[in-house]
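Reading the structure
Below, each chain spelled out in residue letters.
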Amino acid sequence: MIQYLSLVLGLVLLVKGADFLVDSAAKIARHFAVPAIIIGLTIVALGTSAPETTIGIIAGLKGANQVTLGDVIGSSIINITLIIGLTAILVPLPVDPLIAKREIPLSLGVQLVVTVMLWTGMVLARNESILLLSGMAAFALYIGRKIHRMLEWHRPE
């Protein structure tokens, strides 16, 4: 019984902590006049990933790496299917043609690459992890450049 109460309490604290992190980060960004798109694409994205990061770190320290892998893959599946699917049922989601041509195939490609990496050796090796982290950094730079160009384009004269 105490395990279930601990689980519920942990989930409540996790959700509240993530809410507090995201709200605080958004307030700080607004205080420093950071554009809303930057808040949405970076601070909120990182804030909503904080619980998964915490789980990953704790699981890694305890040697339960499969928990981390399951959390990452499960989160990706839920984000792509359940959250986007439910949102589209409630409100149609317009998709920019460039996003449909670039980001969606890239996202699916990353899922495929991770699947192949896991099937080939049944382990995610250090060099594969470095490759994935490098890809994430390259994608973050790509998004950063797009945001910078968009902000320059919409800057008042």
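In case you missed it, the structure is sitting above this.
First, a word on scope: everything that follows refers to the structure included in this document.

Calculation criteria
- Residues numbered from 1 in each chain as written.
- Predicted model: local features only at pLDDT ≥ 70, side-chain atom pairs only at ≥ 80, totals over all residues.
- Heavy atoms only, no water.
- Helix = DSSP H or I, 4+ residues; strand = E, 2+ residues; numbered from the N terminus.
- Buried < 20%, exposed > 50% of the residue type's maximum accessible area, 1.4 Å probe, protein only.
- Contact = heavy atoms within 4.5 Å.
- Lys, Arg positive; Asp, Glu negative; His and termini not counted.
- Salt bridge = Lys/Arg side-chain N within 4 Å of Asp/Glu carboxyl O.
- Axes fitted to C-alpha atoms, helices over the stretch in contact; angles between N-to-C directions.
- Parallel < 35°, antiparallel > 145°, perpendicular 65-115°, else oblique.
- Left-handed = near helix turned anticlockwise from the far one by under 90°.
- Patch = residues over 30% accessible without salt bridge, like charges linked within 9 Å, V, L, I, M, F, W, Y side chains within 5 Å.
- Areas by Shrake-Rupley, 256 points an atom, 1.4 Å probe, with all protein chains shown as cover.
- Charge placed at Lys NZ, Arg CZ, Asp CG, Glu CD.
- Phe/Tyr/Trp six-rings, centres within 6.5 Å; stacked < 30°, edge-to-face > 60°.
- Expected span 1.5 Å × (residues − 1).
- Arc of directions from axis to C-beta.
- Bend = angle between axes of the 7 residues up to and from the residue.

The secondary structure content of the protein amounts to six helices and zero strands. Its helices and strands taken in sequence order, the protein reads α-α-α-α-α-α from the N to the C terminus. The proportion of buried residues among the 157 residues of the protein is 12%. Summarising the internal contacts of the protein: among those between residues at least 6 apart in sequence, 46% fall at separations of at least 24.

Along the chain, the position of Glu-128 falls in helix α6 (residues 126-153). Within the buried core, Glu-128 has no salt-bridge partner, and the shortest N-O distance to an opposite charge, that of Arg-126, equals 11 Å.

On to the packing of helix α3 (residues 65-90) against helix α5 (residues 103-121), then. Contact pair α3 / α5: the axes reach a minimum separation of 12 Å and the direction vectors enclose 150°. As far as their axial angle goes, α5 and α3 are roughly antiparallel. The crossing of α3 and α5 is left-handed. In this structure, α3 contributes Leu-69, Ile-73, Ser-76 and Ile-80 to the contact, and α5 contributes Ser-107, Gln-111 and Leu-118.

Side chains of Lys-101, Arg-102, Arg-145 and Arg-149 sit close together on the surface and give a patch of like positive charge. Counting through the fold element by element, Arg-145 comes out in helix α6.

One pass over the structure, following the stated rule, counts one aromatic pair. Ring centres of Phe-139 and Tyr-142 lie 5.9 Å apart, and the angle between their planes is 35°; this geometry places the pair in the tilted category. Within this pair, Phe-139 and its partner Tyr-142 are both found in helix α6, separated by three residues, close to a single helical turn. Among the residues examined, Phe-139 registers a relative accessible area of 33% and is labelled partly exposed. For Tyr-142, a relative accessible area of 26% puts it in the partly exposed group.

What follows is about α5. Between its first and last C-alpha, α5 extends 28 Å over 19 residues, near the 27 Å set by a 1.5 Å rise per residue. Every buried residue of α5 is listed here: Glu-103, Val-114, Met-117 and Leu-118. Looking down the long axis of α5, one finds its buried residues gathered within 95° of arc, a one-sided arrangement. Every exposed residue of α5 that faces more than 90 degrees away from the buried side is listed here: Leu-108, Leu-112, Trp-119 and Thr-120.

With 26 residues, α3 ought to run about 38 Å at 1.5 Å a step, and its terminal C-alpha atoms sit 36 Å apart, in line with that. Helix geometry: α3 is bent most strongly at Asn-79, by close to 35°. When α3 is considered as a whole, its buried residues turn out to be Asp-71, Ser-75 and Ser-76.

Looking now at the environment of Leu-132. When you line up the elements, Leu-132 lands in helix α6. Distance from Leu-132 to Val-113, taken between C-alpha atoms, is 9.1 Å for residues 19 residues apart in sequence.

Nothing here speaks to function; it is geometry throughout.
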